[in-house]
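What follows is the residue order along each chain.
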Amino acid sequence: MLNQPGCTSVLVGASLRWQENQNRAARPHFDAIITSKVKIGDTLSHALQVLTDAGLTYSIDRFDHTLVSLLRTGKGCGIQFRAKLDDGDRITDIKVQELLTGL
């Protein structure tokens with residue numbers, strides 16, 4: 001059955017819907033714990049403390065001056081927090097993106 005045309009796209013579609021539901025369920029918690037506490041103008045050290053307190057890992061790209069953290073909500077999905085930093089390690093831009101792979 002899996003070798004029939006269109007079967008893979010049905011499975012991927014079902015997987016994407018499941019991943020979207022996982023992210024949708026986690027988003028209010030993520031917003032309450034992370035995005036409500038980290039704002040533009042905050043210091044890098046404040047953002048790191050919020051992420052650490054939430055139990056999230058992070059990476060800092062010093063070349064691109066960006067802080068990145070990912071909350072995995074399930075297999076192949078998650079919510080990414082990305083903060084752009086200025087030369088004084090203050091946040092100048094924040095992007096929150098839901099990630100889906102369909103796998």
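It should be noted that the structure appears before, not after, this text.
Residues numbered from 1 in each chain as written. Predicted model: local features only at pLDDT ≥ 70, side-chain atom pairs only at ≥ 80, totals over all residues. Heavy atoms only, no water.

Peer 1: Can you break down unusual backbone geometry residue by residue, with the values?
Peer 2: The phi angle at His65 is positive, at roughly 55°, despite the residue not being glycine. Within the chain, Asp89 stands out as a residue other than glycine whose phi angle is a positive 60°. Residue position: Asp89 is located in the loop between strand 3 (77–85) and strand 4 (91–100). (Helix = DSSP H or I, 4+ residues; strand = E, 2+ residues; numbered from the N terminus.)

Peer 1: How would you sum up the pairing of strand 2 (residues 66–74)? Please name residues and give values.
Peer 2: For strand 1 (residues 58–61) and strand 2, the ladder comprises four bridges, and the chain directions are antiparallel. Following the sheet pairing, Tyr58 is matched in strand 2 by Ser69. Where strand 1 hands over to strand 2, the hairpin turn is made up of four residues, of which His65 adopts a positive phi near 55°. Here strand 2 pairs with strand 3 via eight bridges, running antiparallel. Directly across from Val68, in strand 3, lies its bridge partner Arg82. Where strand 2 hands over to strand 3, the hairpin turn is made up of two residues, of which Gly76 adopts a positive phi near 80°. (Pairing = 2+ DSSP bridges.)

Peer 1: Provide a residue-level description of the pattern of salt bridges, including the pertinent values.
Peer 2: Under the defined criterion, the tally for this structure stands at five salt bridges. Between Arg27 and Asp31 there is a salt bridge, with its nearest N and O atoms 3.0 Å apart. Here Asp31 and Arg27 lie together in helix 1 (residues 7–35), a separation of four residues that amounts to about one turn. By relative accessible area, which is 24% here, Arg27 ends up partly exposed. In this structure, Glu98 and Arg27 form a salt bridge, with 3.3 Å as the shortest nitrogen-oxygen distance. Placement of Glu98 in strand 4 and of Arg27 in helix 1 is noted, with a sequence separation of 71 residues between them. (Salt bridge = Lys/Arg side-chain N within 4 Å of Asp/Glu carboxyl O. Buried < 20%, exposed > 50% of the residue type's maximum accessible area, 1.4 Å probe, protein only.)

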